[in-house]
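# Close look at the chain arrangement
Okay, here's what each chain looks like letter by letter:
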Amino acid sequence: MARVLEGVRVVDLSASTGAAWCSRLLADYGADVVVVEPLGGHPLRAIGPFTDAGDSIPAAYLLANKRSVTLDLDDANARATAAALCRRADIVVSSHAPSRLAAWGLDYATLATPTLVMVHVTPHGMTGDLAEVPGNDLTDAARSGWASINGSQEREPLKPSGWQPSMCAGTVAYAGAVAALRWRDGHPGEGQEVDVSEVEVMAAAFAPALLRSVYAGKAQGRRDPTDHLAGPVPVQDGYFALTISRAHFWRDAMNLLGLPDLAEDPRWGASFYRQAHKDEYVGRVTEAMSQWTKMDLFDELAVRRVVAGPVLTMEELRGVEHLRERDFWRKPADQPDGPEYPGPALRMNGTPASLDRRPPRPGEHTAEVLDTVGGAS
Amino acid sequence: MTDASTIRNEAAGITLTGPLAGTRGIVLTQAWAGSYCTALLGMLGADVIQVEVRKRPDSWRGDYAAPIGGRIKDVETAVHPWNVNPLYNSVNLNKRCITLDLGTPEGIEIYRRLVPYSDFIAENFSPRVMGNFGLEYEALKAIKPDIILASLSAYGHIGSWANIPGIGGTIEPTSGQSALLGYQDGPPMNSGQMYPDAVAAFNAFGAIIAALRHRDLTGEGQYIDLSMQDANLAMIGDSALEYVLTGRQRARLGNRHSTYAPHGIYAATGTERWIALATETDAQWAALCSIAGRGWAEDNRFVTNADRKANEDALDAEIAAWTATEDRDALSARLSAAGIYAAPVLDGLEVADDPHLRARGVVREVKHPEAGTWAQATIPLHFSRTPATDVRAAPMQGEHTRQVLAELLGMTDAEVDELERSGVSGMGPPD
């Protein structure tokens, strides 16, 4: 099978999740990615949870498929080596603020390589008043609006789980990197910088709530506790989301739940009507749902082609045969007895993703990589 | 391949800017995931033409009979509810929209005639629908051998769940996202809007660009099968890997961090005024102690990060008592200046007015012919050489049918009139 980024050389200067995910995606589609780690190891290696052996699990996920070089960028010789690595790369991915890159002499202007595509994934972007302001996924959630709509009206705003702003920004940065690479294919010598801000990516993902707030003249809030059916509700053995969109979903679901009066009155088919009369049905529907187990209800609604969602845990997802049929879980090619990693976000049938390498130990490839630029670690 | 990142289409009166200028997609997307994926491509300069079926309008246009509300009901030009729905208008920037009834042979035939003018096609129907139209990948490939088709569906096009329908609000639970989202002491939750759609859109966006590069280099198109479940599970892949490696299901952490404390959202003075703040390094913690001036640096419960993590409830209570008397924005600015992670929790109206987002052009005023001029979130990608600067409002239903069919197929006004008379095209609710 072809690899869409075969032969593309990437240097990963990431210190955070978003940039590390961008270069992980580049690696999955065939690029040769070298991650430059400080002597003490990539900052992600200090982030839990950890395996019983003490290895960071987020680092394992984000650094897989890459080779690792350790360089102390506070040392001038090491910086020169890093610059040499960057100058022979097609793509450099960074998560550092403008002042830090400039201090290291690793900014785009100083690297002065017109063919280079340099991708920045930072909390606030490389220009503007906040360019030097530190941030993380929590502050990204706050500034982008997402925290203001997640959670309950009766509680504090809630950030998305895990590292979602970083992961989304890394994904968008991957798209930007490939777009810039494609541009350079058609316009030899024309590299460029691609500047991606985590807050901006999440603000873009917030676009529907933003425009709804703007048109209404009133900010969209968090969940009204009476709005049970906007998310999971308790069933016999867990939780289940029945977030109805179209009229026929409503009709068929209400019939299954034994609520024919709600099914057959056509007014309930329109979402704006349901929204305005929640008090008249939410209690009855949640009571009817509570009689079911989650997979029975899912199966019966699936037969009726109604959208529905049991809340699945990782243990349950590992047991879902459908994901195995899609080859979602994959062992690294160089570690056939190793653990199964969660697989690519999508299937490109002509140029599929591949997981070739287990995550590297810090500096595992320093000698072989630095041989190519004649540098020292 | 294009020669310039700015292309003027005089007939259409539009300018296409960005690295994808010169490419075109004639797409069958709807609601959020597919629509937003193709809007992103449009904002990078692709000419994106959205095909809509009047009998089954885009669900994000809302019901044809829905009332017009909020500030929009006072806008004189806002007369058609389906053209002024904020959901539709937020995720369809930089497109043209034509209507074709794909339930008729005439509609399908016109679509097939448009395929040769497409570099990529995207759709987010249920998996059987494209086949029912006779527009599955093999059929499209027979018309245009190097076509790229991206299908965005709930569970993908292969596998035993392929025909189970889903939307963002049901993929959030079935992908493992909901089990992780929520307060520490509360049940699993869905996000405030259907987050899995945005995830699907971002991933398909990158995949289509990669497929365009591969086509340019090799002449080969391809089929992209995106399952929203796969995509959303990959975005919490570290939690999945945690289960594989340790057998542990990650708990819901609320606003807390797996490793560092403090890490939370705290009330400031006023109503619905919240501040997010966190420290990761000892230097950040020392700076926070100094600014708060409440003796935390001397408190033996909070000496090391491990101490703070072990006493996180007490630490959160201390911080909350302090922030309750502070102004959100002033405190956030002071903490940020000291190198601490801090930010105001902005709501939808505040994001729309945010000076940083406006200065960088990501939030800007967009003029829509019916809804008027309002702030919108646009493209979150800044290219130094091929800037994507053109932003156009979401199209009205069928706004560009006549223009596009004339431009690409050379159809005359009389021919389009006939399509409207027979109901194959047109605008608004079908008769």
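Residues numbered from 1 in each chain as written. Chains lettered and ligands numbered in written order. Predicted model: local features only at pLDDT ≥ 70, side-chain atom pairs only at ≥ 80, totals over all residues. Heavy atoms only, no water.

### Digging into the domain arrangement of chain B
Think of interface size as the accessible area that goes away when the parts come together; that is how it is often given. Inclusion rule: For the purposes of this description, domain bounds are those given by an automatic or database domain assignment.
Split into domains, chain B comes out as domain 1 (6-235 + 356-421) and domain 2 (273-346). A separation of 43 Å is found between the C-alpha centroids of domain 1 of chain B and domain 2 of chain B.

### A short note on empty space enclosed by the protein
Inclusion rule: A 1.4 Å probe that fits but cannot get out identifies a cavity on a 1 Å grid over protein atoms alone, an open set with protein on both sides within 12 Å along at least five of seven lines counts as a pocket, and a residue lines either if it has an atom within 4 Å of a point. Grid points are joined across faces, edges and corners, and a volume is the space filled by probe spheres set on the points. Helical segments are the DSSP runs of H or I of at least four residues, strand segments are the runs of E of at least two, and each set is numbered from the N terminus. As a working rule, the residues Ala, Val, Leu, Ile, Met, Phe, Trp, Tyr, Cys and Pro are called nonpolar, Asp, Glu, Lys and Arg charged, and the rest polar, with Gly in that last group.
Counted under the stated rule, the structure contains six cavities of 30 Å³ or more. The computed volume of the largest cavity comes to approximately 100 Å³. The wall of the largest cavity is formed by 13 residues, among which A:Leu25, A:Tyr29, A:Tyr174, A:Leu346 and B:Asn203 lie closest to the centre. Elements supplying a minimum of two residues to the lining of the largest cavity: helix H1 (17-28) and helix H8 (164-186) of chain A together with helix H8 (195-218) of chain B. For the lining of the largest cavity, the element with the highest residue contribution is H8(B), accounting for four residues. Looking at the lining of the largest cavity residue by residue, the classes come out as nine nonpolar, three polar and one charged. Along the walls of the second largest cavity sit A:Trp146, A:Asn150, A:Pro160, A:Ser161, A:Gln164, B:Glu172, B:Gln177, B:Leu181, B:Ser191 and B:Tyr195, which together make up its complete lining. Residues of the lining of the second largest cavity, tallied by class, amount to four nonpolar, five polar and one charged.

### Topic: the interface of chain A and chain B
Selection criterion: Whether two residues are in contact is decided by their heavy atoms: any pair within 4.5 Å suffices. A 1.4 Å probe defines the accessible area here, and the buried area is the portion of it lost by two parts on being joined, summed over both. Every case where a carboxyl oxygen of Asp or Glu lies within 4 Å of a side-chain nitrogen of Lys or Arg is listed as a salt bridge. Criterion used throughout: strands pair if DSSP finds at least two bridges between them.
Each partner contributes residues to the interface: chain A has 147 residues there, and chain B has 156 residues. For the chain A and chain B pair, buried surface summed over both sides reaches about 12,700 Å², with 65% attributable to carbon and sulfur atoms. The three residues of chain A that bury the most area against chain B are A:Arg182, A:Tyr215 and A:Met314, which together make up 7% of that side's buried surface. On inspection of chain A and its partner chain B, the count reaches eight salt bridges. Of the charged contacts, one joins A:Asp195 and B:Arg360 as a salt bridge, the two residues approaching to 2.9 Å between their closest N and O atoms. Residue contributions to the side of chain A that touches chain B peak at 16 residues, all from H8(A). Tallied by class, residues from the side of chain A that touches chain B come to 84 nonpolar, 39 polar and 24 charged. Bridging between strand S12 (residues 347-348) of chain A and strand S8 (residues 222-227) of chain B involves two bridges; their strand directions are antiparallel. Paired with A:Met348 across the strands is B:Ile224, a residue of S8(B).

### Some words on helix H14 (residues 328-337) of chain B
Definition in use: Only protein chains enter the accessibility calculation, which uses a 1.4 Å probe; a residue is then buried when its area is under 20% of its type maximum, exposed when over 50%, and partly exposed in between. Read the arc as the range of directions from the helix axis to the C-beta atoms. Identification of polar contacts relies on pairs of N or O atoms within 3.5 Å, with a donor-acceptor requirement for protein atoms, meaning one able to donate a hydrogen and the other able to accept it, and with residues adjacent in sequence counted only if both atoms are side-chain atoms.
Listed as buried for H14(B) are B:Arg328, B:Leu331, B:Ser332, B:Leu335 and B:Ser336. Angular distribution of buried residues about the axis of H14(B) spans 130°; they occupy a single face of the element. Looking at the packing, one finds that the buried side of H14(B) touches helix H6 (137-143) of chain A together with strand S10 (274-278), helix H11 (282-292), helix H13 (312-323), strand S11 (341-344) and helix H15 (348-352) of chain B. You can read the cap of H14(B) off the contacts: a side-chain oxygen lies 3.3 Å from the backbone nitrogen of B:Asp329, and it is on B:Asp327. Directly after H14(B), the chain includes B:Gly339, whose backbone phi takes a positive value near 85°.

### Observations regarding the pattern of salt bridges
Think of it this way: side chains of opposite charge can pair up when their charged atoms draw near. All names here are of chain B. Summed over the entire model, instances satisfying the criterion amount to 56 salt bridges over all chains. Put simply, Glu242 and Arg250 hold a salt bridge, and the shortest N to O gap is 2.6 Å. The residues Glu242 and Arg250 share a single accessibility class, namely buried. We note a salt bridge from Glu350 to Arg273, for which the minimum N-O separation is 3.6 Å.

### Some details on the packing of aromatic side chains
We count it as follows: Aromatic rings from Phe, Tyr and Trp, with only the six-membered ring used for Trp, were paired whenever their centres fell within 6.5 Å, and each pair was classed as stacked if the ring planes differed by under 30 degrees, edge-to-face if by over 60, and tilted otherwise. Whether a charge sits over a ring depends on NZ of Lys or CZ of Arg being within 6 Å of the ring centre and within 35 degrees of the ring normal.
Following the criterion strictly, the structure yields 20 aromatic pairs over all chains and no others. Geometrically, the ring pair formed by B:Tyr36 and B:Phe202 is edge-to-face, given 5.8 Å between the ring centres and 65° between the ring planes. Of this pair, B:Tyr36 sits in helix H1 (residues 33-43) while B:Phe202 sits in helix H8, placing them 166 residues apart in sequence. Here B:Tyr36 matches B:Phe202 in class, with each residue buried. One aromatic cluster in this structure is built from A:Trp250, A:Trp268, A:Tyr273 and A:Tyr281. Over the ring of A:Tyr61 we find A:Arg24, and its NZ or CZ is 5.3 Å from the ring centre. Over the ring of B:Tyr183 we find A:Arg155; its NZ or CZ atom is 4.1 Å from the centre of that ring.

### Details of the sheet that holds S11(B)
Residues and elements named next belong to chain B. So the rule is basically this: A fitted line through C-alpha atoms serves as each axis, taken over the contacting stretch for helices, and the angle formed by two N-to-C directions is quoted from 0 to 180°.
The sheet built from three strands is open, its strands ordered S9-S10-S11 with antiparallel pairing. On the outer flanks of this sheet lie strand S9 (263-267) and S11, each paired with one strand and no other. Sheet twist, expressed as the mean angle between neighbouring strand axes with direction ignored, is 20°.

### Observations concerning unusual backbone geometry
All names here are of chain A. The amide bond that connects Gly48 to the next residue, Pro49, takes the cis arrangement and shows omega of 0°. Assignment of secondary structure puts Pro49 in the loop between strand S2 (32-37) and helix H2 (57-63). Although it is not a glycine, Asn65 adopts a positive phi angle of roughly 75°. Tracing the backbone shows Asn65 in the loop between H2 and strand S3 (67-70). Accessibility expressed as a relative area gives 5% for Asn65, which makes it buried. We note that Asp327 has phi near 55°; this positive angle belongs to a residue other than glycine. Position of Asp327 relative to the elements: it lies in the loop between helix H17 (321-325) and strand S10 (329-330). Take Asp327: its relative accessible area is 52%, and that puts it in the exposed class.

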